[in-house]
Amino acid sequence: MAIPPGLRRSRIVRGSPRVHAVRSQQGTGASHSRTSSTTESSYHARRRENVGHGRHVGTEGCLRSRRIVVPILRRPGRGPSLALEDGDDIAVGAALGVACGLVFWLFNFAYAWLSPIIGGILPGLASILYPLWYFSGTLAVIILRKPGAAVYVNLVGSAAEMLLGNQFSFGFASAALQGVFAELPFALTRYRVFNLPISMTSGALVALEYGVYLMLFRYRGVSFLSPRGVIHMISELVGGVLIAGVMSWYLYRAIAATGALDRFASGRALRDDADRRG
């Protein structure tokens, strides 16, 4: 019985062009496999060698060229610390505290002379000068920009003032409390925002704390709602904003302009701001 042409099996005759085509394709595939295997082995060998020397080479760079310049990877260091633990911070904070303690001590004599004159004009008005005893906290945070800076500088300043001779009995507890209130606005911004409004808010909070402290423990016979009590609190707040806030901010800028703070973030921030404006 004859098999229809469509169902006949096609036979490949040895030596026919079709056989050579199949063999050619098989040879090309084998050659390509051997080339790929060799390339991968070379790549992994070179990668192990470079990793052993602390280097990192990408796949594309390794396959394209034999001479590759790659950077040596270094282990990343620690980021900037938020704690007052750096030696420079401690040293500058101590120097700032001693300088402020000297200002406190000198102001004791000036206040003893000015207080009767200003008090004679308007009872309670002399409170506008009190921030000269606690501006150090706001100034410390603006310069050092670390948590605890205000408390640390206030305590050092109080110690320096006591060593020089303090006729007033303000102690370390009051200085530490003033430092806490000075840091509150900066702490709310997580010590990321430092500008004049924040500085003024810091001075106002310390003034509020100190004014209430005086009313409760120093001026016990004076009512908060009496004329002297009202004038005292208003004068305290105005002095806190102007002296502890505004004066501290521009005092910081004056110190930074001398280059003394170039190693600190506060000095670099002021320099970068000047470069952007210039």
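Now for a quick tour of the structure. None of the values given here were measured: they were computed from a predicted structure. (Residues numbered from 1 in each chain as written. Predicted model: local features only at pLDDT ≥ 70, side-chain atom pairs only at ≥ 80, totals over all residues. Heavy atoms only, no water.)

**Looking at the overall build of the chain**
Here's step 1: Counting secondary structure elements, the chain contains nine helices and zero strands.
Here's step 2: Looking at the chain alone, contacts between residues at least 24 apart form 67% of all its contacts between residues at least 6 apart.
Here's step 3: Of the accessible surface of the chain, which amounts to about 17,400 Å², a share of 62% is contributed by carbon and sulfur atoms. (Helix = DSSP H or I, 4+ residues; strand = E, 2+ residues; numbered from the N terminus. Contact = heavy atoms within 4.5 Å. Areas by Shrake-Rupley, 256 points an atom, 1.4 Å probe, with all protein chains shown as cover.)

**Concerning a nonpolar patch on the surface**
Here's step 1: Together, W113, I117, I121 and L122 line one region of the surface with nonpolar side chains, adding up to about 460 Å² of accessible area.
Here's step 2: As for its position among the elements, L122 is in the loop between α3 (87–121) and α4 (136–144).
Here's step 3: Taking relative accessible area as the criterion, L122 reaches 36% and is therefore assigned partly exposed. (Patch = residues over 30% accessible without salt bridge, like charges linked within 9 Å, V, L, I, M, F, W, Y side chains within 5 Å. Salt bridge = Lys/Arg side-chain N within 4 Å of Asp/Glu carboxyl O. Buried < 20%, exposed > 50% of the residue type's maximum accessible area, 1.4 Å probe, protein only.)

**Examining the packing of aromatic side chains**
Here's step 1: Applying the stated criterion across every chain yields a total of 13 aromatic pairs.
Here's step 2: With a centroid separation of 5.5 Å and an interplanar angle of 25°, the aromatic rings of F186 and F194 are classed as stacked. Residues F186 and F194 agree in their burial class; the two are buried.
Here's step 3: Geometrically, the ring pair formed by W249 and Y252 is tilted, given 5.3 Å between the ring centres and 55° between the ring planes. One end of the pair is W249 and the other is Y252, both in helix α8 (residues 227–257) and three residues apart, which spans about a single turn. Side by side, W249 and Y252 carry an identical accessibility label, which is buried. (Phe/Tyr/Trp six-rings, centres within 6.5 Å; stacked < 30°, edge-to-face > 60°.)

**Focus on the environment of Y210**
Here's step 1: Summarising the element assignment, Y210 is placed in helix α7 (residues 196–217).
Here's step 2: Y210 sits in the buried class, given a relative accessible area of 2%.
Here's step 3: Here the alpha-carbon distance between Y210 and P131, two residues 79 residues apart in the chain, equals 9.0 Å.

**Here we look at the side chain of S202**
Here's step 1: Topologically, S202 is positioned in helix α7.
Here's step 2: Ignoring sequence-local partners within four residues, the contact set of S202 consists of T138, F181, A182, P185 and F186.

**Describing the packing of α4 against helix α6 (residues 172–188)**
Here's step 1: Orientation of α4 relative to α6, taken along the N-to-C sense of each, is 35°, at an axis distance of 8 Å. Between α4 and α6 lies a crossing whose hand is right-handed. Taken together, the residues of α6 that come into contact with α4 (itself represented by G137, T138, V141 and I142) are A182, E183 and F186.
Here's step 2: Its residues assigned to classes, the contact of α4 with α6 comprises four nonpolar, two polar and one charged. (Axes fitted to C-alpha atoms, helices over the stretch in contact; angles between N-to-C directions. Left-handed = near helix turned anticlockwise from the far one by under 90°. Nonpolar A, V, L, I, M, F, W, Y, C, P; charged D, E, K, R; others polar.)

**Section: the pattern of salt bridges**
Here's step 1: Applying the stated criterion to the full structure yields four salt bridges.
Here's step 2: Put simply, R263 and D88 hold a salt bridge, and the shortest N to O gap is 2.8 Å. Of this pair, R263 sits in the loop between α8 and α9 (265–277) while D88 sits in helix α3, and the two are 175 residues apart along the sequence.

**Observations concerning the packing of α3 against helix α5 (residues 149–164)**
Here's step 1: Taken N-terminus to C-terminus, the directions of α3 and α5 make an angle of 45°; their axes are 7 Å apart at the nearest point. In terms of their interaxial angle, α3 and α5 are classed as oblique. In terms of crossing hand, the pair formed by α3 and α5 is right-handed. When α3 is examined against α5, the residues I90, G93, A94, L96, G97, V98, G101, L102, F104, W105 and N108 are found in contact with a partner set consisting of Y152, V153, V156, G157, A160, E161 and L164.
Here's step 2: Broken down by class, the residue content of the contact of α3 with α5 amounts to twelve nonpolar, five polar and one charged. (Parallel < 35°, antiparallel > 145°, perpendicular 65-115°, else oblique.)

**Section: α4**
For an α-helix, 3.6 residues make a turn, and residues three or four places apart therefore share a direction.
Here's step 1: Counted residue by residue, α4 has nine buried out of nine residues, so it is predominantly covered.
Here's step 2: Of the residues flanking the end of α4, it is R145, one or two places downstream, whose phi is positive at about 55°.

**Quick look at unusual backbone geometry**
Peptide bonds are mostly trans, and most non-glycine residues show a negative phi.
Here's step 1: With a phi angle near 55°, R145 is a residue other than glycine that sits in the positive phi range.
Here's step 2: Within the secondary structure, R145 sits in the loop between α4 and α5.
Here's step 3: The backbone phi angle of Y191 is positive, close to 55°, even though this residue is not glycine.
Here's step 4: Examined against the element boundaries, Y191 turns out to sit in the loop between α6 and α7.
Here's step 5: Relative accessible area serves as the criterion here: at 15%, Y191 is assigned to the buried category.

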